[in-house]
Amino acid sequence: EETLKLAKLYKCRYAILKEKSPSCGYGAIYDGTFSGNLIKANGLTAELLAKSGIIVIGETQVSRLKNNLQYNWYSDRINVFVRPFGSKSYLRRCF
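Not measured: the values here are computed from a predicted model.

Rules used throughout
Residues numbered from 1 in each chain as written. Predicted model: local features only at pLDDT ≥ 70, side-chain atom pairs only at ≥ 80, totals over all residues. Heavy atoms only, no water. Helix = DSSP H or I, 4+ residues; strand = E, 2+ residues; numbered from the N terminus. Buried < 20%, exposed > 50% of the residue type's maximum accessible area, 1.4 Å probe, protein only. Axes fitted to C-alpha atoms, helices over the stretch in contact; angles between N-to-C directions. Parallel < 35°, antiparallel > 145°, perpendicular 65-115°, else oblique. Left-handed = near helix turned anticlockwise from the far one by under 90°. Contact = heavy atoms within 4.5 Å. Nonpolar A, V, L, I, M, F, W, Y, C, P; charged D, E, K, R; others polar. Arc of directions from axis to C-beta.

**Student:** Before we go on, may I ask you to explain unusual backbone geometry in this structure?
**Tutor:** If you check the backbone angles, Lys 11 has positive phi at about 55 degrees while not being a glycine. With respect to the helices and strands, the residue Lys 11 is situated in the loop between helix 1 (2–9) and strand 1 (14–17). Looking at Lys 11, the relative accessible area reads 68%, which means it is exposed. Phi is positive for Lys 20, close to 70 degrees, though the residue is something other than glycine. Looking at where Lys 20 falls in the secondary structure, it is placed in the loop between strand 1 and strand 2 (29–30). Taking relative accessible area as the criterion, Lys 20 reaches 36% and is therefore assigned partly exposed.

**Student:** For this particular structure, what's the right way to read the packing of helix 1 against helix 2 (residues 44–51)?
**Tutor:** For any two helices packed against each other, one specifies the inter-axial angle together with the distance between the axes. Contact geometry for helix 1 and helix 2: axes closest at 10 Å, N-to-C directions at 40 degrees. Comparing the axis directions of helix 1 and helix 2 gives the class oblique. Relative to helix 2, helix 1 is oriented so that their crossing is right-handed. Here helix 1 contributes Thr 3, Leu 4 and Ala 7 to the contact with helix 2, which in turn contributes Thr 45, Leu 48 and Leu 49. Tallied by class, residues from the contact of helix 1 with helix 2 come to 4 nonpolar, 2 polar and no charged.

**Student:** Looking at this model, I keep getting lost on helix 2. Mind explaining?
**Tutor:** An α-helical segment advances 3.6 residues per turn. Residues three or four places apart therefore align on the same side. Looking only at helix 2, the buried set comprises Thr 45, Ala 46 and Leu 49. The buried residues of helix 2 occupy an angular sector of 100 degrees when projected down its axis, which confines them to one face. Away from the buried face of helix 2 by more than 90 degrees, exposed residues Leu 44 and Lys 51 are located. Directly beyond the C-terminal end of helix 2, a positive phi value near 90 degrees is found at Gly 53.

Geometry only, nothing functional implied.
Right, here's the structure in full:
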């Protein structure tokens, strides 16, 4: 819930999260048995952000996101929520 508070505070439209993580994965996550098995589901953080209208993408999709965004360097900067695996959450102002 703290993640969602920060994302809303900074008006994030996108969240770049660690793929396959039980917390951050979106679409497919590890099943928690440490056997490498994937299940079709969303991680807790990813699900919370997505239900709140934030577009969740994985770290391997960043270049696709950047290429697909239409923006104006002078007026349309975008806040993106980034949570790398094993580190604290932080916000990055980019694009």
